[in-house]
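# Examining the three-dimensional arrangement
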Amino acid sequence: MNASTPPVLPDHRLAAGVARLALRYRGHFCPETIQHVLTDSYDRLAAHAHVRTHLVVLAEHLTTERLDALAHIQGAPGTGLPRVLFVCSLPHARTTSRGGTPIAGRSQLAAALLAHRAAGRVVVSSAGPRPAPEVAPVVAQVLAEAGVDLTETAFPKPLTEEVVQAADIIITMGCDDACPIVPGRRYLDWPVADPEGAPIDVVRDIREEIDTHVTELLDSLPAT
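Definitions and cut-offs
Residues numbered from 1 in each chain as written. Predicted model: local features only at pLDDT ≥ 70, side-chain atom pairs only at ≥ 80, totals over all residues. Heavy atoms only, no water. Helix = DSSP H or I, 4+ residues; strand = E, 2+ residues; numbered from the N terminus. Contact = heavy atoms within 4.5 Å. Axes fitted to C-alpha atoms, helices over the stretch in contact; angles between N-to-C directions. Parallel < 35°, antiparallel > 145°, perpendicular 65-115°, else oblique. Left-handed = near helix turned anticlockwise from the far one by under 90°. Expected span 1.5 Å × (residues − 1). Buried < 20%, exposed > 50% of the residue type's maximum accessible area, 1.4 Å probe, protein only. Arc of directions from axis to C-beta. Salt bridge = Lys/Arg side-chain N within 4 Å of Asp/Glu carboxyl O. pLDDT = per-residue confidence, 0-100. Pairing = 2+ DSSP bridges. Core = buried A, V, L, I, M, F, W, Y, C linked by side-chain atoms within 4.5 Å. Nonpolar A, V, L, I, M, F, W, Y, C, P; charged D, E, K, R; others polar.

### Re the overall build of the chain
Of regular secondary structure, the chain possesses seven helices and six strands. Counted from the first residue to the last, the chain has its helices and strands arranged as α-α-α-β-β-α-β-β-α-α-β-β-α. In the chain, the proportion of contacts linking residues at least 24 apart, taken out of those at least 6 apart, comes to 72%.

### Focus on the environment of L218
Counting through the fold element by element, L218 comes out in helix α7 (residues 200-220). Put simply, L218 and L114 are 104 residues apart on the chain and 8.3 Å apart in space, counted from C-alpha to C-alpha. Those residues in contact with L218 that lie beyond four places of it in its chain are L114, R117, A118 and R121.

### Observations concerning the packing of helix α5 (residues 137-145) against α7
Between α5 and α7, whose axes approach to 10 Å, the crossing angle comes to 60°. For the element pair α5 / α7, the angle class is oblique. As for the relative orientation of α5 and α7, their crossing is right-handed in sense. Of the residues in α7, those touching α5 at V138, Q141, V142 and E145 are I200, V203, R204 and R207.

### Examining α7
Side chains that are three or four residues apart share a direction in an α-helix, a result of its 3.6 residues per turn. The terminal C-alpha atoms of α7 lie 30 Å apart, and with 21 residues this matches the ideal 30 Å at 1.5 Å per residue to within 8%. Within the span of α7, buried status applies to V203, I206, R207, I210, D211, H213, V214, L217 and L218. End-on, the buried residues of α7 take up no more than an arc of 170°, which puts them together on one face. α7 presents D201, D205 and D219 as exposed residues on the side facing more than 90 degrees away from its buried surface. Next to the buried residues of α7 lie β1 (83-87), α4 (106-118), α5, β5 (169-172) and β6 (186-189).

### Thoughts on the pattern of salt bridges
Under the criterion given, the structure shown has 13 salt bridges. Among the salt bridges present, the one from R66 reaches D40, with a minimum N-O distance of 2.8 Å. Here D40 lies in helix α2 (residues 31-46) and R66 lies in helix α3 (residues 55-73), a separation of 26 residues in the sequence. Connected via shared salt-bridge partners are E145, D201, R204, R207 and E208.

### Brief notes about the confidence of the model for the chain
Taken as a whole, the chain shows an average pLDDT of 83; of its residues, 81% reach a score of 70 or greater. Mean pLDDT per element in the chain: strand β2 (residues 103-104) is the minimum at 50, and helix α1 (residues 14-24) is the maximum at 96. Within the model, pLDDT remains below 50 along residues 91-103, and this stretch shows 25 contacts once partners closer than five positions in the same chain are excluded.

### Observations concerning the pairing of β1
When you tally the buried positions in β1, you get five out of five residues, the bulk of the element. With burial as the criterion, each face of β1 is covered, one bearing R83, L85 and V87 and the other bearing V84 and F86. In this sheet, strand β3 (residues 123-127) lies alongside β1 in parallel orientation, the contact comprising five bridges. Bridged to V84 within β3 is V124. As paired strands, β1 and β5 are joined by four bridges and run parallel to one another. Within β5, the position partnered with V87 by the bridge is T172.

### Overview of the nonpolar core
Burial of nonpolar side chains together is a common tendency in soluble globular proteins. Counting residues in hydrophobic clusters, the biggest one holds 30 residues, and the most contacted among them are F86, L109, L114, I171, M173, W190 and I210. Mapped by element, the contributors of at least two residues to this core are β1, α4, α5, β5 and α7. Looking at this core element by element, the count peaks at seven residues for α4. Contact partners of L109, with chain neighbours within four places excluded, come to V139, V142, L143, I206, R207 and I210.

### Some thoughts on the packing of α4 against α5
Between α4 and α5, the least distance of the axes is 10 Å, while the angle of their chain directions is 20°. Classified by the angle their axes make, α4 and α5 are roughly parallel. In terms of crossing hand, the pair formed by α4 and α5 is right-handed. Where α4 approaches α5, its residues L109, A112 and L113 are matched on the opposing element by V139, V142 and L143. In the contact of α4 with α5, the residues fall into six nonpolar, no polar and no charged.

What follows is the structure, given as structure tokens:
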């Protein structure tokens, strides 16, 4: 990445994000590097977005996640918590009843549950090699019923090298050969059903199955 020649911002509103992130990462990353990552994050999200209303905000969230991961890789102070990455891949031929638009669910459901149960013990990310445009509304509903907030950062995100390299534990969920293999990482596979198109009672069962896996994972981590 050539930080000396930052790309032209695809949306002028991203300039404010560059300024905010430059303050946040002062001493770690120069504004040119931040602009590179923010522009790339925007372009990656835009490639899959059907609605662009919140694209600028989501690009800044994704950039923050990527820069945090990069700081972890580089050994920045204060980045020592275990990092868990959930990866879920949509089949190439996937269609839905909503006009052929794929809907995300498993990895965001798992990430939200783990972040809630861990209460700051781990850093949680979710991504996919072929991210869907949006999270299934039923996933947000069953999480809300369990008192878990599907936060604005738990949205379908593309898989990026920084986040993969920074992960200590990579959990695959219905993943195929597009999912990352990084030597030295702990790998788990949670073969839970896909919530897309399922009745809400089935999605609740999926939530409970994932929650059981989350509890087992947390029990296996060193005490902090």
